[in-house]
Amino acid sequence: MKMKKPLRVFFLLIILLCSFKIQAEDGYELWLRYQPVTNSQHKEYIQSLFTEVLIDDNSATAKVIKEELDRAFLGMLGNKPTIIQNLTTYTGLIIATSESQIVKSNSTLLEKVNELSNEGFLIDFVNSQGQKHLAVLAKKPVGLLYGSFYLLRQLQAGNQIEHAYSSSPKIKNRLLNHWDNLDRTVERGYAGFSIWDWHKLPGYIDQRYIDYARANASIGINGTVLTNVNANALVLTPIYIEKVKALADAFRPYGLKVYLTARFSAPIEIGGLETADPLEPEVRNWWKSKTDELYEAIPDFGGFLVKANSEGQPGPQNYNRTHADGANMLAEAVVPHGGIVMWRAFVYSHEVPEDRAKQANNEFEPLDGKFNKNVFIQVKNGAIDFQPREPFHPLFGKMPKTDLALELQITQEYLGQGTNLVYLAPLFKECLDSRTYLPKNESTVADIIDGTAYNRNNSVIAGVANIGNDRNWTGHLFGQANWFAFGRLAWDHTLSSGEIAKEWTKLTFSNDDDVVQKVEELMLASREACVNYMTPLGLHHIMGRNHHYGPGPWVTGGRPDWTSVYYHKADSAGIGFDRTKTGSNALSQYAPQVEKLFTILDTCPEKYLLWFHHLSWDYKLKSGKTLWDGLCLKYDEGVKSVGEMLTTWQSLESKIDNERFEQVEALLNIQKEEAVWWKNSCLLYFQQFSQKDFPASMNAPTGDLEEYKEMRFPYAPGIRPTWK
Ligand code: BDP
């Protein structure tokens, strides 16, 4: 049947329109999208490089590189590169380790490659048979993998390689910490359930595991702790070890090592012993043989992460032993196999009548020098708990004889969880760049973590993962940027937040200048916006009880250190936690220079004001405004910034595919409402104490405080639905 002409035109138009619409994407591909290259010059450049690729290596990792190149070029150019292994005739890119004749026979190259670390890579040009070849070179196959991903990032971002470039990671162990439970719930997870499908393992290797490993390798993450710090001993039983082994085998070619959390009471729970006392020989032997069993299955098993004597977890103190006794017992078990123990410093107790911010130092500083060599003390960025803003943890610099690991949180427990767009690189950088003044005047947290400050040769950085089985991995699409930023900074903490945001945007959305500039702008504004509408001027820990979702400055009763009033101390005289000499004296735990800086009101950065000082509502801020007015205006500014983020995003509608555009838009709308909710409820609450009017220049809070207090969220992630 022939169609009538107007109808034909109509259908043609529809087809045309559809082909102009940017293809919908669901975010699964992360930053590894390999979209068709439209710029003809760039296309030609890539084509010329990849007519023929020589991979002079036979490892499993080399196979992974080949697969990635195939995938990349099929996506970018529509055809696969020709991969060859013939050393005599080659025309395009060379990928080779220092074992290759190509490198061995060239002393300058060999020298350069030898300067790299075991995971580093060099991108350089090699002359052969009168031709100049681009080459990815490394000592080991894993370096080739990192170098190839670097190159693919450049090509996707529209860059050409003009100069030689080499890079080695500044931190040796760059780990994700999954807080995944064996029942597949994820503690503080906002992206669905755990990606580890224990039931189908070891027989079924989900493609997601491979894509997870690829994604991590692409940003240099080389280890993953599979299980929650609130640990379940069952993961150490043979039926689980078999499953863990299957994951480790799948991850190995990607340079990704597997670690587990060790429940301190495991010898009792799964070992049939009567005690878990770390000084009891039978307990020590149990851990040794358990560890041997693990290494038998997984020869490159990374080691253990332990949360002990913290928030109800068992630990050595149950037997009147120290953290060092506990950590060293495990360290002894893993050391013959080259493993490490990451022992967390996140300890505090409400039974101790001491500022929670001081407790980790009180506990760990005296133990400096008492830990075995392969023990890391894993310290959160701040002394309380992953707040939107915290000053750096005072332990950094205070344990010169101990390796310290930095623990950051990628999942946004206190930063808007699954609904808020908050780009975390500025938060991570703020901590890494903080000056500790220890051991030297110019020392920073980063120098302590990467080992340079105290000349240590091993190092660890960990990020609490934000990954779940949501199709786009992280729930909020922009959560991907935080995973990406963590990896990039773990590799090189000197990168700027802006550089990382730009790179992520190009890979995730497009190289269009307008998109890149606007997305970067909104990402860079987002963390400060969040601080402003949640906890400006150094306020902290004033969110809803348990689930930590939304505002709860009124939370009181029960364990004091889990209430908000413990932290903000608002009263008719003022607000803030006095941590100077007149208060808890937590400041004395820092180097004298830091103590002085934060103690003197004139030099204390206002972003930390109420973290360290209890001040009158009339205290004059640097702007000349009173503390009350300044606080109100900060909350207001936070709300306005989210409005601007939304407008910026909306201006990009035509340049971003519908599915991702709409998801982010919907979430930004929710974020805007949540920002208003934070502002209104916090300011109405604090006004009860300040008894002052809202400044005329702001949008005054609306709503009813009692109603805000009555709001309930039985559906908040991570809690059993209750009406409490
Ligand atoms: C807090 C979380 C809690 C974790 C704890 C930890 O609220 O769920 O178990 O930290 O780090 O941030 O151990």
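Residues numbered from 1 in each chain as written. Predicted model: local features only at pLDDT ≥ 70, side-chain atom pairs only at ≥ 80, totals over all residues. Heavy atoms only, no water.

## Side note on the overall build of the protein chain
Step number 1: Within the protein chain one finds 23 helices and 16 strands.
Step number 2: Relative to the 2.2 N^0.38 estimate, which gives 27 Å for 724 residues, the radius of gyration of the protein chain is 27 Å and therefore close to what a compact globule would have.
Step number 3: If you line up the protein chain on its principal axes, its C-alpha atoms span 80 × 80 × 55 Å.
Step number 4: Per-residue burial for the protein chain yields a buried fraction of 61% across its 724 residues.
Step number 5: Across the protein chain, the fraction of contacts at a sequence separation of at least 24, relative to all contacts at a separation of at least 6, is 72%.
Step number 6: For the protein chain, the computed accessible surface area is about 28,500 Å², with 51% contributed by carbon and sulfur atoms. (Helix = DSSP H or I, 4+ residues; strand = E, 2+ residues; numbered from the N terminus. Rg over C-alpha atoms; globule rule 2.2 N^0.38 Å. Buried < 20%, exposed > 50% of the residue type's maximum accessible area, 1.4 Å probe, protein only. Contact = heavy atoms within 4.5 Å. Areas by Shrake-Rupley, 256 points an atom, 1.4 Å probe, with all protein chains shown as cover.)

## A word on the layout of surface pockets
Step number 1: Taken as a whole, the largest pocket holds about 790 Å³ of empty space.
Step number 2: Together, 35 residues line the largest pocket, and E187, R188, N230, N546 and G718 are the ones closest to its centre.
Step number 3: There are two domains that each give the lining of the largest pocket at least three residues, and those are domain 2 (173-495) and domain 3 (532-577 + 614-710). (1 Å grid on protein atoms, 1.4 Å probe; cavity = no way out; pocket = protein on both sides within 12 Å on 5 of 7 lines; lining within 4 Å. Points joined across faces, edges and corners; volume = space filled by probe spheres on them. Domains from an automatic or database assignment.)

## Description of empty space enclosed by the protein
Step number 1: Throughout the structure, instances matching the rule amount to eleven cavities of 30 Å³ or more.
Step number 2: The calculated volume of the largest cavity comes to roughly 110 Å³.
Step number 3: Looking at the largest cavity, it is lined by 18 residues, and the ones nearest its centre are G416, M534, H548, G550 and W678.
Step number 4: Ranked by residues supplied to the lining of the largest cavity, first place goes to helix α22 (residues 658-690) with three residues.
Step number 5: The residue inventory of the lining of the largest cavity, partitioned by class, reads nine nonpolar, seven polar and two charged.
Step number 6: Residue assignment places the lining of the largest cavity across two domains, with domain 2 (173-495) and domain 3 (532-577 + 614-710) each supplying three or more. (Nonpolar A, V, L, I, M, F, W, Y, C, P; charged D, E, K, R; others polar.)

## As for the sheet that holds strand β9 (residues 257-261)
Step number 1: Around the barrel, which closes on itself, the eight strands sit in the order β7-β8-β9-β10-β11-β12-β13-β14 with parallel pairing between neighbours. Averaged over all adjacent pairs, the angle separating strand axes in this sheet is 25°, with direction ignored.
Step number 2: Across three bridges, the pairing between strand β8 (residues 223-225) and β9 is parallel. Each bridged residue has a counterpart across the sheet, and for T224 the counterpart in β9 is V258. (Pairing = 2+ DSSP bridges. Axes fitted to C-alpha atoms, helices over the stretch in contact; angles between N-to-C directions.)

## Looking at the side chain of D70
Step number 1: Mapped onto the secondary structure, D70 falls in helix α3 (residues 60-77).
Step number 2: A residue is classified by how much of its surface remains accessible, and D70, at 10% relative accessible area, is buried.
Step number 3: If we skip the residues at most four places from it in the chain, D70 touches K80, P81 and I83.

## Some points on the nonpolar core
Step number 1: Core analysis: the biggest nonpolar cluster contains 230 residues, and F251, W287, W343, W483, W649 and F686 have the highest contact counts within it.
Step number 2: Apart from residues lying up to four places away in sequence, W287 is in contact with L236, A262, R263, F264, A266, P267, F304, M329, L330 and A333.
Step number 3: Counting 13 residues, the second-largest nonpolar core is a separate cluster that includes L54, I84, L109 and L137. (Core = buried A, V, L, I, M, F, W, Y, C linked by side-chain atoms within 4.5 Å.)

## Structural notes on unusual backbone geometry
Step number 1: Between L201 and the following residue, P202, the backbone shows a cis peptide bond with an omega angle of 0°.
Step number 2: In this fold, P202 is placed in the loop between β7 (173-177) and α7 (207-218).
Step number 3: Positioned with a positive phi, Y34 is a non-glycine residue whose angle comes to about 45°.
Step number 4: Inspection of the secondary structure puts Y34 in the loop between α1 (5-20) and α2 (40-50).
Step number 5: Assessed through its relative accessible area of 3%, Y34 is described here as buried.
Step number 6: Even without being a glycine, F386 presents a positive backbone phi close to 50°.
Step number 7: Structurally, the position occupied by F386 is in the loop between β12 (375-380) and β13 (403-409).
Step number 8: Here F386 falls in the buried class, since its relative accessible area comes to 3%.

## Brief notes about the side chain of T411
Step number 1: Mapped onto the elements of the fold, T411 is located in the loop between β13 and α13 (425-432).
Step number 2: T411 sits in the buried class, given a relative accessible area of 2%.
Step number 3: Beyond its immediate stretch of four places on either side in the chain, T411 contacts R188, G189, Y190, V464, A465 and N466.

## Quick word on the sheet that holds strand β2 (residues 82-84)
Step number 1: Spatially, six strands are ordered β2-β1-β3-β5-β4-β6 in an open sheet, and the strand pairing comes out mixed. The strands lining the two open edges of the sheet, one partner per strand, are β2 and β6 (165-167). Within this sheet the neighbouring strands show an average axis-to-axis angle of 30°, counted without direction.
Step number 2: Alignment of strand β4 (residues 121-128) against strand β5 (residues 131-138), held across seven bridges, turns out to be antiparallel. Bridge assignment links L122 to a residue of β5, and that residue is L137.
Step number 3: Against the sheet, α2 makes contact with β1 (52-56), β2 and β5, and its axis sits at roughly 45° relative to β1, the strand it touches most.
Step number 4: Of the strands in this sheet, β4 and β5 touch helix α5 (residues 107-114), which is tilted by about 175° from β4.

## Considerations on the site of the ligand
Step number 1: The immediate surroundings of the ligand are formed by 14 residues, with E187, K307, R344, D385 and E413 found nearest.
Step number 2: In this structure, an oxygen atom belonging to the ligand sits 2.3 Å away from a side-chain N or O atom of E187.
Step number 3: At a separation of 2.6 Å, an oxygen atom of the ligand approaches a polar side-chain atom of K307.
Step number 4: Expressed as a share of its isolated accessible area of 320 Å², the protein-covered part of the ligand is 97%.
Step number 5: Split by residue class, the shell around the ligand holds four nonpolar, two polar and eight charged. (Near = heavy atom within 4 Å. Polar contact = N/O pair within 3.5 Å; in protein donor to acceptor, adjacent residues only side chain to side chain.)

## What to know about the state of the cysteines
As used in these notes, a disulfide is a covalent bond between sulfur atoms, one from each of two cysteines.
Step number 1: One pass over the full model with this rule turns up zero disulfides.
Step number 2: This cysteine, C632, is not joined by any disulfide, and C682 carries the nearest cysteine sulfur, 11 Å off. (Disulfide = S-S within 2.5 Å.)

## What to know about the packing of α13 against helix α15 (residues 479-491)
Step number 1: For the pair α13 and α15, interaxial distance at closest approach is 9 Å and the crossing angle is 30°. By the angle between their axes, α13 is roughly parallel relative to α15. The handedness of the crossing between α13 and α15 comes out as right-handed. For the pair α13 and α15, the contacting residues are A425, F428 and K429 in the first and N482, A485, F486 and L489 in the second. (Parallel < 35°, antiparallel > 145°, perpendicular 65-115°, else oblique. Left-handed = near helix turned anticlockwise from the far one by under 90°.)

## Some points on the environment of A213
Step number 1: For A213, the position within the fold is in helix α7.
Step number 2: Counting along the chain gives 41 residues from A213 to Y254, while the straight-line C-alpha distance between them is 6.0 Å.
Step number 3: With near-sequence residues (within four places) excluded, A213 lies in contact with F251, Y254 and L256.

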